[in-house]
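Below, each chain spelled out in residue letters.
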Amino acid sequence: MKNILVLGASGQIGSELVGELRKIYGDSHVVGGDINLNVSCELKESGPYEYLDIRDTEKIVTVIKKYNIDTIYNLVALLSAVGEQKPQFAWEINIGGLMNTLEIAREHKCAVFTPSSIGAFGPSTPPDHTPQDTIMRPTTIYGISKVAGELLSDYYYLKYGVDTRSVRFPGLISYKTLPGGGTTDYAVEIFYEAIKAKKYTCPLPGGTFLDMMYMPDAVKAAIEIMEADPSALKHRNSFNVTAMSFDPEILAAEIKKHIPGFTLSYDINPTLVKIANSWPNSMDDSCARNEWGWKPDYTLADMTSDMLDKLKEKLK
Ligand code: SER
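Rules of the game
Residues numbered from 1 in each chain as written. Predicted model: local features only at pLDDT ≥ 70, side-chain atom pairs only at ≥ 80, totals over all residues. Heavy atoms only, no water. Helix = DSSP H or I, 4+ residues; strand = E, 2+ residues; numbered from the N terminus. Rg over C-alpha atoms; globule rule 2.2 N^0.38 Å. Buried < 20%, exposed > 50% of the residue type's maximum accessible area, 1.4 Å probe, protein only. Contact = heavy atoms within 4.5 Å. Areas by Shrake-Rupley, 256 points an atom, 1.4 Å probe, with all protein chains shown as cover. Lys, Arg positive; Asp, Glu negative; His and termini not counted. Charge placed at Lys NZ, Arg CZ, Asp CG, Glu CD. Pairing = 2+ DSSP bridges. Polar contact = N/O pair within 3.5 Å; in protein donor to acceptor, adjacent residues only side chain to side chain.

(A) Fine view of the overall build of the protein. If you tally the helices and strands in the protein, you get 12 helices and 14 strands. The C-alpha atoms of the protein give a radius of gyration of 19 Å, which matches the 20 Å a tight globule of 316 residues would have. The principal-axis extents of the C-alpha atoms in the protein amount to approximately 55 × 45 × 40 Å. Relative to its 316 residues, the protein shows a buried fraction of 55%. When contacts within the protein are restricted to residue pairs at least 6 apart in sequence, long-range pairs at least 24 apart make up 78% of them. In the structure as shown, the protein presents an accessible area of about 13500 Å², 52% of it carried by carbon and sulfur atoms. Of the side chains in the protein, 32 bear a positive and 40 a negative charge, and the two mean positions are spaced by 2 Å.

(B) The arrangement of the environment of Leu204 in detail. Looking at the secondary structure, you find Leu204 in the loop between β10 (199-202) and β11 (210-214). Here the alpha-carbon distance between Leu204 and Glu42, two residues 162 residues apart in the chain, equals 34 Å. Among residues more than four places away in sequence, those in contact with Leu204 are Thr183, Tyr186, Leu210, Pro248, Tyr266, Ile268, Leu272, Val273 and Ala276.

(C) Inspection of the sheet that holds strand β12 (residues 239-240) at higher detail. Strand order across the open sheet formed by three strands is β6-β8-β12, with parallel pairing between neighbours. Across the chains shown, the open sheet's two edge strands, defined by having one partner strand only, are β6 (116-117) and β12. Strand direction decides the pairing type here: β6 and strand β8 (residues 167-169), joined by two bridges, are parallel. Looking across to β8, one finds that Ser116 is bridged to Arg168.

(D) Just the side chain of Gln132, in detail. Here Gln132 is to be found in the loop between β6 and α6 (141-160). Among the polar contacts listed, one links the side chain of Gln132 to the backbone nitrogen of Asn240, at a separation of 3.0 Å. Dropping the residues within four chain positions of it, Gln132 is found in contact with Arg168, His235, Ser238, Phe239, Asn240, Asp284 and Cys287.

Next up, the structure:
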């Protein structure tokens, strides 16, 4: 049985991953850790929870020993848009935090999952069907920290045998917890506004295609990669994974099928456009499919219909 620590447990991914991990491995085997003081009752009451700062190595080691942890999900990160406002802090958290995690994992023999991102690619990357192994010269601090994080994770595997694994997540769409300062956040906000106001003002123009994924698929990917047979893995850090690619127009048209009066307008944010344009339009995730059987469950139509149902319930 695994004993798992999730760092960043109250964030967009963590708040859903912890629940799924607790279902699979047992509530008492999955420890949530976060710096956020305002975490949900569900997270604190359905299993162990610890106040943790990714920079506080000593406290993390205490928790690792207390719960006999053998697997760490390190979800702590500043996203792309907010990272551009405080690049030095983004580096400290994204890379300093990962370095701490890897060192702790090396000493205490833990496996480590760290999400990478479409943000690890850059303007010189082939934008369509972006291959698994290709040019990666990102121009955001977030992307730079993700590429460095991939390399550092591979280094810890090759040099010290730490079982590091990772996926490059696309924009993640979810109803439980909002993303915090990413370039793909529009694809979440649009659902809130569609329900509340039947209209949305989008910061990215029509024609901006990006990979996206519904949160249940992201959670599935994070769990399955850590369960994968290591002898079948040719790659480790990190696998392209995707579920769909769309632009704001296509997403709005899908929402309109459920909310006929919905309208989309634009108020372009040049900083976000520059970031989005430097990322792939669509990734090729065949290595993940072949090496560990990755397959998403949700299409654009499934995701839209489920998001609207769940959010209508939440916003009642
Ligand atoms: N969703 C992230 C962002 O927009 C990309 O990984 O920053």
